[in-house]
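The chain contents come next:
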Amino acid sequence: MRKKVNVLLYNTGAVAVGLLISACLLLFMDVNPAEVCAQTLSKIVTDKYNLGEVLVKATPLIFTSLAFAFTYKANLFNIGAQGQFLMGSIVAVSLSLTLQDTVPTALLLLLVLVGSFAAGAAVGGLIGAAKAKFSANEFLVSMMSTYVVTNFMDYLLRTSLQETKAEYMQTDAISAGAYLPNILPGTRVHLGFLLAVAAAVLVWVLLSKTSLGFQIRAVGRNPFSAELGGIRASRIYIIAFLISGGLAGLAGLTEINGVQHMLLRDFNASIGSYGIGIAILANGNPIGCIFASILFGFLNIMGTTMGRLPGLSIPASIIELIEGIVMICVIISYALRGYMENRSEKQRMRKAGV
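Residues numbered from 1 in each chain as written. Predicted model: local features only at pLDDT ≥ 70, side-chain atom pairs only at ≥ 80, totals over all residues. Heavy atoms only, no water.

Undergrad: How would you summarise the overall build of the protein if you had to cite specific residues and measurements?
TA: The helix and strand inventory of the protein stands at 13 helices and 0 strands. Secondary structure elements of the protein occur, N-terminal to C-terminal, as α-α-α-α-α-α-α-α-α-α-α-α-α. Taken over C-alpha atoms, the radius of gyration comes to 21 Å for the protein, in line with the 20 Å a tight globule of 354 residues would show. When its C-alpha atoms are laid out on the principal axes, the protein stretches across 75 × 55 × 35 Å. Put simply, the protein has 354 residues, and 47% of those count as buried. Considering only contacts in the protein between residues 6 or more positions apart, those separated by 24 or more positions represent 76%. Accessible area for the protein stands at about 17200 Å²; split by element, carbon and sulfur atoms hold 65% of it. When the 25 positive and 17 negative side-chain charges of the protein are each reduced to one mean point, those points stand 17 Å apart. (Helix = DSSP H or I, 4+ residues; strand = E, 2+ residues; numbered from the N terminus. Rg over C-alpha atoms; globule rule 2.2 N^0.38 Å. Buried < 20%, exposed > 50% of the residue type's maximum accessible area, 1.4 Å probe, protein only. Contact = heavy atoms within 4.5 Å. Areas by Shrake-Rupley, 256 points an atom, 1.4 Å probe, with all protein chains shown as cover. Lys, Arg positive; Asp, Glu negative; His and termini not counted. Charge placed at Lys NZ, Arg CZ, Asp CG, Glu CD.)

Undergrad: Give me the lowdown on the nonpolar core, citing residues and values where you can.
TA: The nonpolar side chains of a soluble globular protein tend to be buried, and buried together. Leu 66, Leu 263, Phe 296 and Met 306 are the most contacted members of the largest nonpolar core, which has 94 residues in total. Leave out the neighbours within four places in its chain, and Met 306 touches Leu 26, Val 36, Cys 37, Thr 40, Ile 314, Ile 318 and Ile 322. (Core = buried A, V, L, I, M, F, W, Y, C linked by side-chain atoms within 4.5 Å.)

Undergrad: Account for the packing of helix H7 (residues 191-209) against helix H10 (residues 233-260), with residues named and values stated.
TA: In the contact formed by H7 and H10, the axes pass within 10 Å of each other and the chain directions differ by 170°. What the angle tells us is that H7 and H10 run roughly antiparallel. Counting all contacts with H7, which are made through Gly 192, Leu 195, Ala 199, Val 203 and Leu 206, the residues of H10 involved are Ile 243, Leu 247, Leu 253 and Thr 254. Residues of the contact of H7 with H10, tallied by class, amount to 7 nonpolar, 2 polar and no charged. (Axes fitted to C-alpha atoms, helices over the stretch in contact; angles between N-to-C directions. Parallel < 35°, antiparallel > 145°, perpendicular 65-115°, else oblique. Nonpolar A, V, L, I, M, F, W, Y, C, P; charged D, E, K, R; others polar.)

Shown next, in the form of structure tokens:
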């Protein structure tokens, strides 16, 4: 219980410090931070569309943060959620464009969901297999996989997936029959948000209440002890990355069929890295990933709203600035918390004479 309280205090403090630093930077633009923040918050909370946009931005972040959090439970680091997201997006737009005029919407979306999950899982599974068979460093392999998938996507956008006029590196737009249904009138909130929340709950159940979850956590604690207990660590590595990659692939479904309705170059280029920070903020808790993603969705909309305030010249880059500063503070908080916990444990052991 005490550890959970410490995590909450450290993470809350990190977010507060990040927001305070961001507010202070507005002073260099000759802007009153308190006044701007008050105007921004007022515009967000009093506008149904803006509140909906917070959930729209949070939806893919829930999936990519779950992707990192899932492997983290096995003491693995999936840094390649961006590539798995892009692979899911490629399959989502391909299936949608191919089947949109021949298959009913419900069946189409089900096929796209399965395809996006399988595409992301395929990339993740290869990373897990490299770890299991060759003891490869999953951090480096997963990171480099993103570059491979990105270049593969660029190739497709120049060839088979390029839009009909062949003028831009993007696909044709999918038809309305392939859209994820809107669940909140007057906003862009779509069914993908409920899918993301359901995925987080299912991941929590899998990790906390099932034998597979126990095996994943056991390998994460100590793979050698897990092996002595009859758990094959290599098998867990592959399974963990399969599920992790599939979760990131589902983010592609929500962005293609829920928001963008096409695939284009430099597609959501930071969604994977933000997922890592969100998972750290949530301390790897799947349910915590929901609320941490909503927070980052709010920060994104907050930055966008600031840039649109009349009479002020706040640049659009304020969005990345705010999110980046908060992300750095969260990571520093994580390192500081680990250092303090280790220090306390050493002091406890010295007092116990160990």
